[in-house]
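# Results of the structural survey
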Amino acid sequence: QVQLVESGGGLVQAGGSLRLSCAVSARTFSSYVMGWFRQAPGKEREFGAAISTSGSTHYTNSVKGRFTISRDNAKNTVYLQMNSLKPEDTAVYYCAASTDELWFQPDTAARYAYWGRGTQVTVSS
């Protein structure tokens, strides 16, 4: 019913930038809390950034100041602008959607009912 498709991943040198996109097939996208998570090899999936229905944002400390999450409700798309990339940012990045529009625990994976299949981001040193 709700489908998410990430794009924009790739290989970039340290210090470079990438912009990830997540296209959401849902008629009520504007009422969803959206998030970005990532999973590096051998590590658990971790929260990166989230955005509320009204545009409030929340970031994990490791990406704060470097990454920016945004959304375009007219296009049913959420973005993750990643600047000053570091090798430790290398991971599969997942887009997630929460049909619960409440701005509560946006960094908790369990609140997100729908997930994309991920896009690989590799940052070389």
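Scroll up for the structure.
What comes next concerns the included structure. What you see as residue numbers is a count from 1 along each chain, following the sequence as written. Reporting in this predicted model follows two pLDDT cut-offs: at least 70 for local features of residues, and 80 or more for side-chain atom pairs to be given and counted; totals over whole chains, interfaces and linings ignore these cut-offs and use all residues. Computation of side-chain values covers all heavy atoms of the structure but excludes hydrogens and water.

Turning next to the overall build of the protein chain. In terms of regular secondary structure, the protein chain is built from zero helices and eleven strands. Ordered by position in the sequence, the α and β elements of the protein chain form the string β-β-β-β-β-β-β-β-β-β-β. In summary, the protein chain has a C-alpha radius of gyration of 13 Å against a globular reference of 14 Å for 125 residues, a match within 12%. Principal-axis analysis of the C-alpha atoms places the extent of the protein chain at approximately 40 × 25 × 25 Å. Summary of the burial criterion: residues with accessible area below 20% of their type's maximum are buried, those above 50% are exposed, and those between are partly exposed, where the area comes from a 1.4 Å probe applied to protein chains only. Taken over 125 residues, the protein chain has a buried fraction of 44%. Surface exposure here means Shrake-Rupley accessible area, sampled with a 1.4 Å probe, where a residue is shielded only by the protein chains that are shown. On the protein chain, roughly 6,500 Å² of surface is accessible, and the fraction owed to carbon and sulfur atoms is 45%. Helix and strand labels come from DSSP, where a helix needs a run of H or I of at least four residues and a strand needs a run of E of at least two; each type is numbered from the N terminus. Radius of gyration here uses only the C-alpha atoms, and the compact-globule reference equals 2.2 Å multiplied by the residue count raised to the power 0.38.

A word on the state of the cysteines. Note on terminology: disulfide denotes any pair of cysteine sulfur atoms within 2.5 Å. Applying the stated criterion to the full structure yields one disulfide. The disulfide bridge from Cys-22 ends at Cys-95, spanning 2.1 Å between sulfur atoms. Judged by the sign of its S-S torsion, about -85 degrees, the bond between Cys-22 and Cys-95 is left-handed. Here Cys-95 lies in strand 9 (residues 91–98) and Cys-22 lies in strand 3 (residues 18–25), a separation of 73 residues in the sequence. Considered together, Cys-22 and Cys-95 belong to a single accessibility category, that of buried residues.

Attention shifts here to the environment of Lys-86. Summarising the element assignment, Lys-86 is placed in the loop between strand 8 (77–82) and strand 9. For Lys-86 and Thr-60, which are 26 residues apart along the polypeptide, the C-alpha to C-alpha distance reads 15 Å. Not counting chain neighbours up to four residues away, the residues in contact with Lys-86 comprise Arg-66 and Val-123. For this analysis, residues touch if any pair of their heavy atoms sits within 4.5 Å.

Before going further, it helps to examine the pairing of strand 3. Note: strand 1 (residues 3–7) against strand 3, five bridges, orientation antiparallel. Looking at strand 3, one finds that Val-5 is bridged to Ala-23. Direction of pairing for strand 3 relative to strand 8: antiparallel, over a ladder of six bridges. Bridged to Leu-20 within strand 8 is Leu-80. Only strands that DSSP links by at least two bridges are regarded as paired with each other.

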